[in-house]
Amino acid sequence: MSRRIFVNPHRQNTTNRVYSQNVDTDMLYKVDFSAEAAELSTSVSSVAAESKGRQNITLTTPSVSSNVASFYASSANSGDGVIKVTATYASGKKSVQGIKLKIDNLADQRLFA
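Okay, so let's go over this structure.

The next subject is unusual backbone geometry. Glycine aside, residues mostly have negative phi, and peptide bonds are mostly found in the trans state. Located in the positive-phi region is Ser41, a residue other than glycine, with phi close to 55°. Its location among the elements puts Ser41 in the loop between helix H1 (34-40) and strand S4 (44-52). Its identity is not glycine, yet Ser66 carries a phi of approximately 55°, on the positive side. Structurally, Ser66 is set in the loop between strand S6 (63-65) and strand S7 (68-74). Ser66 gets classed as exposed once you look at its relative accessible area, which sits at 62%.

Below, the structure written as structure tokens:
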């Protein structure tokens, strides 16, 4: 399973993206910068992803293919976290995207039938 996030070049910088996943689950995230790259007539040359906030999220080093950044995210603890994804275009322009994660531990929840 993966999550694909499309970047709108005409967006407000306050675009809210919230996803949930379970503790110890490696989730594949794909951030598609194609529309913004086309708008700027350039391509993505590199991408960095970092965990921000109180919740420590483990991230793999992003790879880039056809203006799409791919990386895995996981956490050993439940809580809320943020991933900051920064794309650098060949023109030198940067684009920052935020992804909010809610990490759930099913062992801590009461499940009713």
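What follows continues from the structure just given.
The next point concerns the pattern of salt bridges. Overall, the coordinates contain 3 salt bridges when judged by the stated rule. For Asp32, the salt bridge goes to Arg4, with nearest N and O atoms at 3.0 Å. With Asp32 in strand S3 (residues 27-32) and Arg4 in strand S1 (residues 2-6), this pair connects stretches of sequence that are 28 residues apart. Among the residues examined, Arg4 registers a relative accessible area of 40% and is labelled partly exposed. Where Asp104 meets Lys102, a salt bridge forms, and the shortest distance between an N and an O atom there is 3.5 Å. Overall, Asp104 belongs to the buried group, its relative accessible area being 18%.

Considering the arrangement of structural elements, one finds Ala35 in helix H1. Residues Ala35 and Leu106 lie 71 residues apart in sequence; the distance between their C-alpha atoms is 37 Å. Each residue touching Ala35, except ones within four places of it in the same chain, is listed here: Val7 and Pro9.

Here we take up the nonpolar core. Formed by 22 residues in total, the largest nonpolar core has its most connected members in Phe33, Ile83 and Ile99. Where this core is concerned, the elements lending two or more residues are S3, S4, S7, strand S8 (79-89) and strand S9 (94-104). The element that contributes the greatest number of residues to this core is S8, accounting for 4 residues. Excluding residues that lie within four positions of it along the chain, Phe33 makes contacts with Val7, Val44, Asn67, Ala69, Val85, Ala87, Tyr89, Ser95 and Gln97.

We now examine the environment of Val18. Looking at the element boundaries, Val18 is found in strand S2 (residues 18-22). Along the sequence, Val18 and Ala73 sit 55 residues apart, while their C-alpha atoms lie 14 Å from each other.

Reading the values: rules and limits
Residues numbered from 1 in each chain as written. Predicted model: local features only at pLDDT ≥ 70, side-chain atom pairs only at ≥ 80, totals over all residues. Heavy atoms only, no water. Helix = DSSP H or I, 4+ residues; strand = E, 2+ residues; numbered from the N terminus. Buried < 20%, exposed > 50% of the residue type's maximum accessible area, 1.4 Å probe, protein only. Salt bridge = Lys/Arg side-chain N within 4 Å of Asp/Glu carboxyl O. Contact = heavy atoms within 4.5 Å. Core = buried A, V, L, I, M, F, W, Y, C linked by side-chain atoms within 4.5 Å.

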